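Now for the letters of each chain:
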Amino acid sequence: MLNDTESLIRVGTGTPAGELFRRYWQPALLSTEVPEPDGAPVRVRLLGEDLIAFRETSGRVGLVEAYCPHRRAPMFYGRNEECGLRCVYHGWKFDVDGNCVDLPTEPASSKMKDHIKITAYPTVERGGIVWTYMGPKDKMPAAPDYEWTRAPETHRSVSKTHQANNYLQGLEGGLDTAHVTYLHNNKIGDKNNLFTRDGAPRIDVHETDYGYYYVSTRNNDETHNFVRVYQYMMPFQSMRPNITSAGLATNSSVPRYDGHIWVPIDDTQTYVYNWMAGYEKNSRLEPDYVERLEFGYGRGHDDFVSGTFKLKANLENDYFIDRQKQKTESFTGIRGVNTQDVALQEGMGAIPDRSLENLGSSDRAILAMRNMLLAATKAVENGQDPRGLDPASYRNARPHDGLVPKEAAWQDAFKDGMAAKW
Ligand code: FES
Ligand SMILES: [Fe+2]
């Protein structure tokens, strides 16, 4: 497995995974990072490329190379004015499409401007995220259209966390229902926790045109199973249900479903986009409720180093682990459900050595994802399209969970719940 997963780790141009990921739209930054036209430009690093994002006068978001094509000055200090970004070294100016629209250091008669370009990637905004496409122009898929991006603003929310590790172990954690029983057991001995009644879930993976969904089944009691359907969307998004299980972490229970997108900054850093969406019209996600949830995940307002997406709890301070609480209260002694994930994922080292792993039956979904990504890198190398480019394949997919009578089929029990509402 070593050599194979090795080819999923590197994300720069010309690498197998890097070329694969460049075939999809992916998050570049939050819309709120560029809140207003002609506001301050923002540094973006994505798939190992340094870029600058800016919202120009008409509201469109530009995403251009971080260095000026004249003499490589940093565009970050540029003036965002009158529908373009102007380099402050010699005043060359570029629009969101990368055209040079002003080149004041040449005589007015010069045609030089017509030949100068800055690398620029197209963007669209959906679900509070600025998405970009960095692949070949003639292969650009239709804009992203996940069900949660169609939920009204009152019914969804998105946040962002920095992780100092490769994207793959993050994605693996997101497709790993088994760890919830252990890592996220925040109240030892709690009889109401659906996850701790059975610590060895059975996992069935079903391939789809967009990736797969997997069904995890835990014994709940004599008559019912606790069944959860998770979604994996190519290339690095997961979706999990919080319908029946809503409120376990927070004692509140607006039915909703959540997801993460693990976007590689480069080979050793990842931005995780954490989104949540109300299950249906009655599931409004009020701002104070969202903040309570975020706090429960360890991503509350005060959990971040101010002005960054980095958590104050980090490897340097052992995520503020409380060994006394670990004996009496929670499995980890670490506060925050996602901080627990981050502690484990960063703690593996930026890139773990997977040749030393021993995978079991609870790792089925992880293996299936790795194999699917590997097959997709091969497809791209052979000039074919990878799966999951067409929004029609994924636009109505959502996760679900619930208590299902042992003799019933989950497909019947979840039929309405899994139908898209937005
Ligand atoms: S380096 Fe940007 S205008 Fe000269
Ligand atoms: Fe987790």
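Residues numbered from 1 in each chain as written. Chains lettered and ligands numbered in written order. Predicted model: local features only at pLDDT ≥ 70, side-chain atom pairs only at ≥ 80, totals over all residues. Heavy atoms only, no water.

J.: For the environment of Lys281, give the residues involved together with the corresponding values.
T.: Its place among the elements puts Lys281 in the loop between strand 17 (269-278) and helix 5 (287-297). Measuring from C-alpha to C-alpha, the distance between Lys281 and Pro152 comes to 9.3 Å, with 129 residues separating the pair along the chain. (Helix = DSSP H or I, 4+ residues; strand = E, 2+ residues; numbered from the N terminus.)

J.: Can you explain the sheet that holds strand 1 (residues 25-30)? Please cite residues and give values.
T.: Pairing is antiparallel in the open sheet, where three strands are placed in the order 1-10-9. At either margin of the open sheet sits one strand with a lone partner, and together these are strand 1 and strand 9 (123-126). Strand-to-strand twist across the sheet, computed as the mean angle between neighbouring axes with direction ignored, equals 35°. Of the pairings in the sheet, the one linking strand 9 to strand 10 (residues 129-133) comprises four bridges and is antiparallel in character. Counted as the bridge partner of Glu125 is Val130 from strand 10. (Pairing = 2+ DSSP bridges. Axes fitted to C-alpha atoms, helices over the stretch in contact; angles between N-to-C directions.)

J.: Requested: an account of the domain arrangement of the protein, with residues and values cited.
T.: When the domains of the protein are assigned, the result is domain 1 (30-139) and domain 2 (147-413). Between the C-alpha centres of domain 1 and domain 2 there is a distance of 34 Å. Counting from both sides, the interface comprises eleven residues of domain 1 and, opposite them, twelve residues of domain 2. A buried area of about 1,100 Å², summed over both sides, lies between domain 1 and domain 2, and 66% of it is on carbon and sulfur atoms. (Domains from an automatic or database assignment. Contact = heavy atoms within 4.5 Å. Buried area = accessible area lost by both parts, 1.4 Å probe.)

J.: Tell me about the coordination of the iron ion (ligand 2), residues and numbers included.
T.: The protein atoms that coordinate the iron ion (ligand 2) are His179 (NE2), His184 (NE2), Asp341 (OD) and Asp341 (OD), at distances of 2.0 to 2.6 Å. Of note is the iron ion (ligand 2), whose four donor atoms meet at the metal with angles of 54 to 154° in an arrangement that counts as irregular. Motif for the iron ion (ligand 2), donor spacing along one chain: H-x4-H-x156-D. In this pair, His184 is assigned in the loop between helix 4 (167-174) and strand 12 (202-207) and Asp341 in helix 7 (residues 337-347), connecting sequence segments 157 residues apart. The exposure class assigned to His184 is buried, which follows from its relative accessible area of 12%. (Donors = N, O, S within 2.8 Å, 3.2 Å for Na, K, Ca; no water. Tetrahedral: all angles 85-135°; square planar, octahedral: opposite > 155°, others 65-115°. Buried < 20%, exposed > 50% of the residue type's maximum accessible area, 1.4 Å probe, protein only.)

J.: So, the sheet that holds strand 4 (residues 61-65): which residues are in play, and what are the values?
T.: Pairing between the strands of a sheet is mediated by backbone hydrogen bonds and can be parallel or antiparallel. Strand order across the open sheet formed by three strands is 2-3-4, with antiparallel pairing between neighbours. A strand with exactly one partner marks an edge of an open sheet, and here the two such strands are strand 2 (42-46) and strand 4. Direction aside, neighbouring strands of the sheet carry axes that sit 35° apart on average. Sheet topology note: the strand 2/strand 3 (residues 49-55) ladder contains five bridges and is antiparallel. Its bridge partner lying in strand 3, Leu46 is registered against Glu49.

J.: Lay out the nonpolar core in plain terms, naming residues and giving numbers.
T.: In this structure, Phe21, Leu29, Trp148, Tyr167, Leu171, Tyr232 and Leu373 are the most contacted members of the largest nonpolar core, which totals 67 residues. Take this core: its biggest share by element is seven residues, from helix 8 (residues 364-381). Composition of this core by domain shows at least three residues from each of domain 1 (30-139) and domain 2 (147-413). Not counting residues up to four positions away in its chain, the partners in contact with Tyr167 are Leu8, Ile9, Val11, Phe21, Phe236, Trp262, Pro264, Thr270 and Leu373. (Core = buried A, V, L, I, M, F, W, Y, C linked by side-chain atoms within 4.5 Å.)

J.: Report on the pairing of strand 1, specifying residues and quantitative values.
T.: Taken across its six residues, strand 1 has six buried, putting it largely inside the fold. Alignment of strand 1 against strand 10, held across five bridges, turns out to be antiparallel. Across the sheet, Pro27 pairs through a bridge with Trp131, a residue of strand 10.

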